[in-house]
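# Breakdown of the fold
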Amino acid sequence: MIEFSFKDVKNILCLGAHADDIEIGCGATLLKLIRDHDDLTIWWVVFSAEGSRSREARASAGAFLKGVSRKKVVVKQFRGSYFPFDAERIKNYFEQIGRAFQPDLVLTHYRQDRHQDHRVLSDLAWNTFRHHLILEYEIPKYDGDLGIPNVFVRLDEALCRKKVEYLHRYFPTQSSKHWFAEETFLGLMRLRGMECASPTHYAEAFHSRKLVAG
Ligand SMILES: [Zn+2]
């Protein structure tokens with residue numbers, strides 16, 4: 001299979017509704033991109049994290065983005081679980097991002113995600129970034145809404161384990177959640193690795209709705 005490459009990607013926009021979404025959805029892919037590319041600009045935007053969750057989000061972003069030449073981490077305080085009712089203010093903020101940054105790659109939530117906050121960010125990403133490559137990451141959850149992804153990023157096991165280690169190190173407030181477990185994160189990446197015949201056994205997967213070939 002001919003492989004799609006991220007080699008021309010320089011500017012990356014990561015969008016996450018909650019403190020740990022970006023890391024869970026595409027943390028290992030970002031670690032790989034940062035390892036393999038010297039000259040990245042990454043904007044990392046978390047839309048809802050207050051108090052200790054905000055501190056966790058910033059500390060984790062700092063760890064994942066270590067070594068990135070140009071980066072911007074923003075943690076907003078939109079009200080969690082109420083994004084559909086706050087969509088006007090959130091859309092205004094998207095317009096601000098769109099005026100200030102032109103990403104080559106946008107990483108955001110899956111359009112069919114059952115979490116209402118996640119869906120709002122996915123929809124607004126498509127509204128704002130009309131001529132951009134958008135990949136939608138997946139978040140395993142109680143709702144059981146995982147789909148059938150169509151883009152796979154093969155990943156070394158070491159990077160996947162680093163992602164899981166960082167999740168546990170930087171998000172102690174989540175450690176009591178029944179789903180916040182090494183098996184959940186590694187298991188999903190192992191399944192996605194199987195689905196793309198990854199020689200390293202692991203992968204993260206994404207949904208692409210539009211991909212233009214040159
Ligand atoms: Zn979330």
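The structure we're discussing is the one just above.
Now for a description of the structure that goes with this document. (Residues numbered from 1 in each chain as written. Predicted model: local features only at pLDDT ≥ 70, side-chain atom pairs only at ≥ 80, totals over all residues. Heavy atoms only, no water.)

The subject of this paragraph is the coordination of the zinc ion. For the zinc ion, the protein coordination sphere consists of His 18 (ND1), Asp 21 (OD), Asp 21 (OD) and His 118 (NE2), at 2.1 to 2.4 Å. Between the four donor atoms coordinating the zinc ion, the angles at the centre fall across 56 to 133°, so the site counts as irregular. Between consecutive donors of the zinc ion, the numbers of intervening residues give the motif H-x2-D-x96-H. In this pair, Asp 21 sits in helix 1 (residues 21-36) while His 118 sits in helix 4 (residues 116-128), placing the two residues 97 residues apart along the sequence. (Donors = N, O, S within 2.8 Å, 3.2 Å for Na, K, Ca; no water. Tetrahedral: all angles 85-135°; square planar, octahedral: opposite > 155°, others 65-115°. Helix = DSSP H or I, 4+ residues; strand = E, 2+ residues; numbered from the N terminus.)

Moving on, we come to the sheet that holds strand 6 (residues 151-155). The strand order across the open sheet built from seven strands is 3-2-1-4-5-7-6, with neighbouring strands paired in mixed fashion. In this open sheet, the two edge strands, each paired with only one partner strand, are strand 3 (70-75) and strand 6. Each strand axis lies, on average, 25° off the axis of its neighbour in the sheet, ignoring direction. Where strand 5 (residues 133-137) and strand 7 (residues 202-207) come together, two bridges link them in antiparallel fashion. Across the sheet, the residue bridging to Tyr 137 is Phe 206, located in strand 7. (Pairing = 2+ DSSP bridges. Axes fitted to C-alpha atoms, helices over the stretch in contact; angles between N-to-C directions.)

Let us look at the pairing of strand 7. Here strand 7 lies mainly inside the structure; six of its six residues are buried. Every second residue of strand 7 is oriented toward a common face, with Tyr 202, Glu 204 and Phe 206 on one face and Ala 203, Ala 205 and His 207 on the other, all of them buried. In this structure, strand 6 lies alongside strand 7, joined through five bridges in antiparallel fashion. Within strand 7, the residue paired with Phe 152 across the bridge is Ala 205. (Buried < 20%, exposed > 50% of the residue type's maximum accessible area, 1.4 Å probe, protein only.)

Taking 1.5 Å as the rise per residue, helix 2 (residues 52-64) with 13 residues should run 18 Å; its terminal C-alpha atoms sit 18 Å apart, in good agreement. If you check which residues of helix 2 are buried, you get Arg 53, Ser 54, Glu 56, Ala 57, Ser 60, Ala 61, Ala 63 and Phe 64. The inward-facing, buried residues of helix 2 abut helix 1, strand 2 (41-48), strand 3 and helix 5 (157-170). (Expected span 1.5 Å × (residues − 1). Contact = heavy atoms within 4.5 Å.)

What follows is about the nonpolar core. Residues Ile 12, Trp 44, Leu 105 and Leu 107 are the most contacted members of the largest nonpolar core, which totals 46 residues. With eight residues, the single largest contributor to this core is helix 1. When residues no more than four places from it in sequence are discounted, the contact partners of Ile 12 are Leu 30, Leu 33, Leu 40, Thr 41, Ile 42, Trp 43, Phe 101, Pro 103, Leu 105 and Leu 107. If you look at the next biggest cluster of nonpolar residues, it comprises 22 residues, including Val 45, Tyr 93, Phe 101 and Leu 121. (Core = buried A, V, L, I, M, F, W, Y, C linked by side-chain atoms within 4.5 Å.)

What the rule picks out here adds up to 13 aromatic pairs. Judged by centre distance (5.8 Å) and plane angle (75°), the ring pair of Phe 47 and Tyr 93 falls under edge-to-face. Of the two residues, Phe 47 sits in strand 2 while Tyr 93 sits in helix 3 (residues 87-100), which places them 46 residues apart along the sequence. There is no split in this pair, since Phe 47 and Tyr 93 are both buried. An aromatic cluster of at least three residues, connected via ring pairs, comprises Trp 44, Phe 64, Tyr 166 and Tyr 170. (Phe/Tyr/Trp six-rings, centres within 6.5 Å; stacked < 30°, edge-to-face > 60°.)

Take the pattern of salt bridges next. Scanning all chains against the criterion turns up 19 salt bridges. Of the charged contacts in the structure, one is a salt bridge between Asp 8 and Lys 7, with a shortest N-O distance of 3.6 Å. Assigned by exposure class, Asp 8 and Lys 7 land together as exposed. Salt-bridge contacts for Glu 165 lead to Arg 169; the nearest nitrogen and oxygen are separated by 2.2 Å. Of this pair, Glu 165 and Arg 169 both sit in helix 5, separated by four residues, roughly a single helical turn. (Salt bridge = Lys/Arg side-chain N within 4 Å of Asp/Glu carboxyl O.)

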